[in-house]
Amino acid sequence: MKRPNQLFRNFSAKIAAIPMIVTALFVFVGGTAWTVVYSFTKSGLLPRLKWVGLDQYERLWTTKRWIVSIQNLAIYGISMLVLVFVIGFILATLIDQKVRFENVIRTVILYPFALSFVVTGLVWQWILNPEFGIQSIIRDLGWTNFAFDPLYNPKIAIFGVLIAGLWQGSGLVMVLMLAGLRGIDQEIWKAARVDGIPAWKTYLFIVIPMMRPVFITTLVLVVSGIVKLYDLIVAQTGGGPGIATEVPAKYVYDMMFGASNLGQGFAASTMMLVTVALIVIPWAMLEFGGKKHG
Amino acid sequence: MNYAVEIKDLDLHFGNVKVLQQLNLDIHKGEFLVLLGSSGCGKSTLLNCIAGLLEVTDGQIFIGGKNVTWAEPSERGIGMVFQSYALYPQMTVEGNLSFGLRNAGMPRPEISERVKRAAGILQIEPLLKRKPAALSGGQRQRVAIGRALVRDVDVFLFDEPLSNLDAKLRAELRVEIKRLHDQLDNTMIYVTHDQIEAMTLADRIAIMKEGKIMQLASPNEIYNRPRNLYVADFIGSPSMNFLEGEIKAGKFHLEGIVIPLDGYEFVEGSRREGKAIIGLRPEHLVTGDNLASAAVRTKVDVELVEPMGSDTLIYTKLAGRPIHVRMDGQAQVSPGDKVEIGFQPERASLFDPVTEDRL
Amino acid sequence: MADALESKTTSLRDGPRGPKPRRTFSRRNILLYGTLFVIAVYYAIPLYVMIVTSLKGMPEVRLGNIFSPPLEITFAPWVKAWSEACTGLTCRGLSIGFWNSVRITIPSVIISTIIASVNGYGLANWRFKGANVFFTILIFGSFIPYQVLLYPVVILLREIGLYGDLAGLVIVHTIFGMPILTLLFRNYFSSLPEELFKAARVDGAGFWGIFLRVMLPMSIPIFAVAIILQVTGIWNDFLFGVVYTGPESYPMTVALNNIVNSTQGVVEYNVNMAATIITGLVPLTIYFVSGKLFVRGIAAGAVKG
Ligand SMILES: Nc1ncnc2c1ncn2[C@@H]1O[C@H](COP(=O)(O)OP(=O)(O)OP(=O)(O)O)[C@@H](O)[C@H]1O
Ligand SMILES: [Mg+2]
């Protein structure tokens, strides 16, 4: 008997995998390669293969708006990262104290995560509105000189966005951390109590080091979320006042679809890709490097 | 009073679930006490109450004569070893052993002294710089024991410390724990559901069922004179054969077989007539040459034979009821054979069919 | 040694007994619950402000502060937001965006879930040579910033004639939802006992037979998780909506942003908040109704392959 052709083994499985293969190869690999290649061209309204070398990148790094975008992303990203972890972890430990109404509290903290960035941005735009929001309320209480108008003050505008971002995203970190805490063997806690270690020390020296995998996964999730920051800005500040809250993702969009300057958009998005790669690749090597794939 | 641990009228409820009820238990200084029972009977719960890891619902706990009912686990003078080892994974073995002591503010020289001594006793000196992930199961459990050892306490609590190990290692560490006990003179309370562990290690065994202690006695006593049907059935593998009959005029009547009870030691005040259950261990039913010592004999039909190497188990019927008989491993029997079996009445156990207590 | 049981009738001695007495209002509890209360209030305030503002008339909004409850409840802002609010040129409210979102979300969720479940099943049970390579690419693909792929996908859609069309957006959502959903399904199917699959194969069932008759009936919960994840994700999407559809077919989020951020003349904050809350209503309802499954969905995003 002839052995069936290799191609026809698991034939149905291969047919079924076509959408995945097309997506992986054409969209993810092909699309990325395409964008990178065209970032070296002089594409304007339409993509054209007219090489200009690194011109687009030179222009990018001499554009004030791009520099501000990068700075904003760095400020937002670092603050977000630090605060979302601190807040998320503290919330998780508080809830982990066998509190009553745990479900209610968790539901309240997590609901913002179900809302879109557009909704988030608009609500906080309203709350931070200096005429009606927090500033006016505190002034009405007697502190007439009180000033808190992040969305109108270019110096602190990005922190106005940060408040909204934290409100929306910290619930997710809390949930992940809580799952991590609950995943710790209860006997570890018992052993620490028998050893007479106070709870805060147990968290700090035993539990947190044990949660390393959860922290890393959360880190990767949060970082890739930060890099994508776009909707929130568009809804809450539109990049303003002036260019005070511009971010790279918005720069890319505006260049591609607003300014008909595709080349700039491609170069800027390639820079974003590089940023993510710098974080994801070391993580992937750490995570999967030693071990074989399952 | 020379008790290491005293438990008085202990109640423990989880909401509506009453896990322990009115439990009393006194443990002698230097005793090796094993808590034995089926899964979910409350062994771990009791141990956690002693350790102070669970708050009792009612009752008192004394350790070393001191009322520790409200004391923190670390103040009770206990050390505890867990089934999952519960080692701190990010610390070295040395770190694991010393973390509690350092935290209590003990001077460094004394810490290293104690760590060295514990490591010596448990033969884990070469492992001190390693992390738990780089240890085998047996080594990890040794470190866990070491962590209890450095605390220099009088009472050790073990919660199924060997059940995550394979059979060979388990046997090895069992011997080691026994040696440790002989060497240290500590009181040890040891939870297990492994009968062999219980029989080999214990000075006394407490058999638990549904949060109550069914019998507290030496292994020997528990094996030979089980206090009730539950204990009789629980201890021994394969378990005891139970046959219902009647006591008439000081003799047990089992469908035509008459068993004289002259040699049987009745529990005080329980000698009576009427329906009763007789319990016969498969290994107390003898055949062949051993029949000479048996006061009661009868012939039975072999239905099934299970050779197990060291001995052979046969399935048969006695007085119409299925029973097991344990024979020598070399015995030549096959289904359909007739064999003569016999036993000594004084090795049997009698139970009241209603109260299920020993007669 | 004798039985120590009967002899134990005398028992309790002086000193502590039973649970350690504890005040309900210990300092620790006050601190703990106080902190949690403040936090819960902080998280809840925006929702409260949204609701309150949307129920006030404009004069009241201008006078009062944003936290004060409405003196006179009016639903006019909701009506206006739904059917009359202006987006630049037209004044037809959010309703159009709402129906667009419905028309985008339903087919996107169905198609992406079907494709991803088949992918996951194939990866878990029918590993053919190279399958894992594509899967790895897919997972890494989920980290690529969307901005990198925006334009190539524009070209792709233009080539097949679906650029600016709802159908195009459905394809986009299917593509970008694929990594996480495939991962979700693959992990789930891998956790099912392999014997099940082998037994069905021995019985002669093929790829589709096993999927439809053995796997599907066992995976209702994971489908629920996937659907919840996708409905919220797609409903909340803004970027793809802006890029791949035209003004006529903008999804609700885009319509909302246009209403709020491009109003000319007087800003009607109450209408804006009504529009905002209407847009958030669908994912919020899903969240409050599905509870645990939602949490499972987002936790699944964190599960590694
Ligand atoms: N936190 C809890 N809440 C409610 N019930 C509990 C809790 N912990 C234990 N139980 C119940 O208490 C009973 C005793 O549990 P325990 O852990 O003491 O059993 P065990 O004898 O140690 O069993 P095993 O041999 O399986 O370890 C069980 O029925 C268990 O279901
Ligand atoms: Mg237990």
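Check the entry above for the structure.
Nothing here was measured: the structure is a model prediction, and the numbers come from that model. (Residues numbered from 1 in each chain as written. Chains lettered and ligands numbered in written order. Predicted model: local features only at pLDDT ≥ 70, side-chain atom pairs only at ≥ 80, totals over all residues. Heavy atoms only, no water.)

Draft legend 1. Seen up close, the interface of chain A and chain C. Between chain A and chain C, the contact holds 90 residues from the first and 87 residues from the second. Three residues, Met-20, Phe-28 and Trp-126 of chain A, lead the burial of chain A against chain C; their summed loss comes to 10% of the area buried on that side. Between chain A and chain C we count zero salt bridges in total. Across the chain A-chain C interface, the total number found is 14 residue pairs in polar contact (both at pLDDT 80 or more). Residue classes in the side of chain A that touches chain C are distributed as 66 nonpolar, 18 polar and six charged. (Contact = heavy atoms within 4.5 Å. Buried area = accessible area lost by both parts, 1.4 Å probe. Salt bridge = Lys/Arg side-chain N within 4 Å of Asp/Glu carboxyl O. Polar contact = N/O pair within 3.5 Å; in protein donor to acceptor, adjacent residues only side chain to side chain. Nonpolar A, V, L, I, M, F, W, Y, C, P; charged D, E, K, R; others polar.)

Draft legend 2. Structural view of the nonpolar core. Among the nonpolar cores identified, the biggest contains 221 residues, and Leu-25, Leu-35, Leu-46 and Ile-189 of chain B together with Tyr-244 of chain C are the most heavily contacted of them. Setting aside anything within four residues of it in sequence, one finds Ile-189 of chain B in contact with Val-5, Ile-27, Leu-33, Leu-35, Leu-47, Ile-50, Val-155, Phe-156, Leu-157 and Phe-158 of chain B. Core analysis: the second largest hydrophobic core is formed by 50 residues, Leu-97, Leu-127, Phe-234 and Ile-235 of chain B among them. (Core = buried A, V, L, I, M, F, W, Y, C linked by side-chain atoms within 4.5 Å. Buried < 20%, exposed > 50% of the residue type's maximum accessible area, 1.4 Å probe, protein only.)

Draft legend 3. Structural context of the packing of aromatic side chains. Residue and element names in this part refer to chain C. For the structure shown, the criterion picks out 52 aromatic pairs over all chains. Pairing Trp-126 with Phe-197 gives two aromatic rings, centres 5.5 Å apart and planes at 85°, and the pair type is edge-to-face. Of this pair, Trp-126 sits in the loop between α4 (95–125) and α5 (131–141) while Phe-197 sits in helix α8 (residues 194–202); the two residues are 71 residues apart in sequence, bridging distant segments of the chain. Each member of the pair, Trp-126 as well as Phe-197, is classed as buried. (Phe/Tyr/Trp six-rings, centres within 6.5 Å; stacked < 30°, edge-to-face > 60°. Helix = DSSP H or I, 4+ residues; strand = E, 2+ residues; numbered from the N terminus.)

Draft legend 4. Broad picture of the sheet that holds strand β1 (residues 3–14) of chain B. Residue and element names in this part refer to chain B. Pairing in this open sheet of four strands is antiparallel, and the strands run β2-β1-β4-β5 from one edge to the other. With one partner strand each, in any of the chains shown, β2 (17–28) and β5 (66–67) form the two edges of the open sheet. Summarising the sheet, β1 and strand β4 (residues 58–63) pair through five bridges and their orientation is antiparallel. Its bridge partner lying in β4, Glu-6 is registered against Phe-62. With respect to the sheet, helix α1 (residues 43–51) is in contact with β1, β2 and β4, its orientation differing from that of β1 by roughly 120°. (Pairing = 2+ DSSP bridges. Axes fitted to C-alpha atoms, helices over the stretch in contact; angles between N-to-C directions.)

Draft legend 5. View of the site of ligand 1. Residue and element names in this part refer to chain B. What surrounds ligand 1 is the set Phe-14, Val-19, Ser-39, Gly-40, Cys-41, Gly-42, Lys-43, Ser-44, Thr-45, Glu-160 and His-193. Between an oxygen atom of ligand 1 and a side-chain N or O atom of Ser-39, the distance comes to 2.5 Å. Contact between ligand 1 and Gly-40: an oxygen atom at 2.8 Å from a main-chain N or O atom of the residue. In isolation ligand 1 offers 630 Å² of accessible surface; the protein chains occlude 58% of this area. Tallying contributions element by element places α1 first for the shell around ligand 1, with three residues. For the shell around ligand 1, the residue count by class is three nonpolar, six polar and two charged. (Near = heavy atom within 4 Å. Areas by Shrake-Rupley, 256 points an atom, 1.4 Å probe, with all protein chains shown as cover.)

Draft legend 6. Inspection of the pattern of salt bridges at higher detail. Tallied over the entire structure, the rule returns 22 salt bridges over all chains. For Glu-72 of chain B, the salt bridge goes to Arg-193 of chain A, with nearest N and O atoms at 3.8 Å. Placement of Glu-72 of chain B in the loop between β5 and β6 (78–81) and of Arg-193 of chain A in helix α9 (residues 186–194) is noted, with the two residues assigned to different chains. With a relative accessible area of 36%, Glu-72 of chain B lands in the partly exposed category. Through salt bridges with shared partners, one network takes in Arg-65, Glu-246, Lys-250 and Asp-254 of chain A.

Draft legend 7. Looking closely at the layout of surface pockets. For the second largest pocket, the calculated volume is near 1800 Å³. Looking at the second largest pocket, it is lined by 42 residues, and the ones nearest its centre are Gln-97, Lys-98 and Arg-193 of chain A together with Arg-22 and Arg-28 of chain C. Mapped onto the lining of the second largest pocket, the elements with two or more residues apiece are α8 (157–182), α9 and α10 (199–210) of chain A together with α1 (27–54) of chain C. Looking at the lining of the second largest pocket residue by residue, the classes come out as 18 nonpolar, eleven polar and 13 charged. (1 Å grid on protein atoms, 1.4 Å probe; cavity = no way out; pocket = protein on both sides within 12 Å on 5 of 7 lines; lining within 4 Å. Points joined across faces, edges and corners; volume = space filled by probe spheres on them.)

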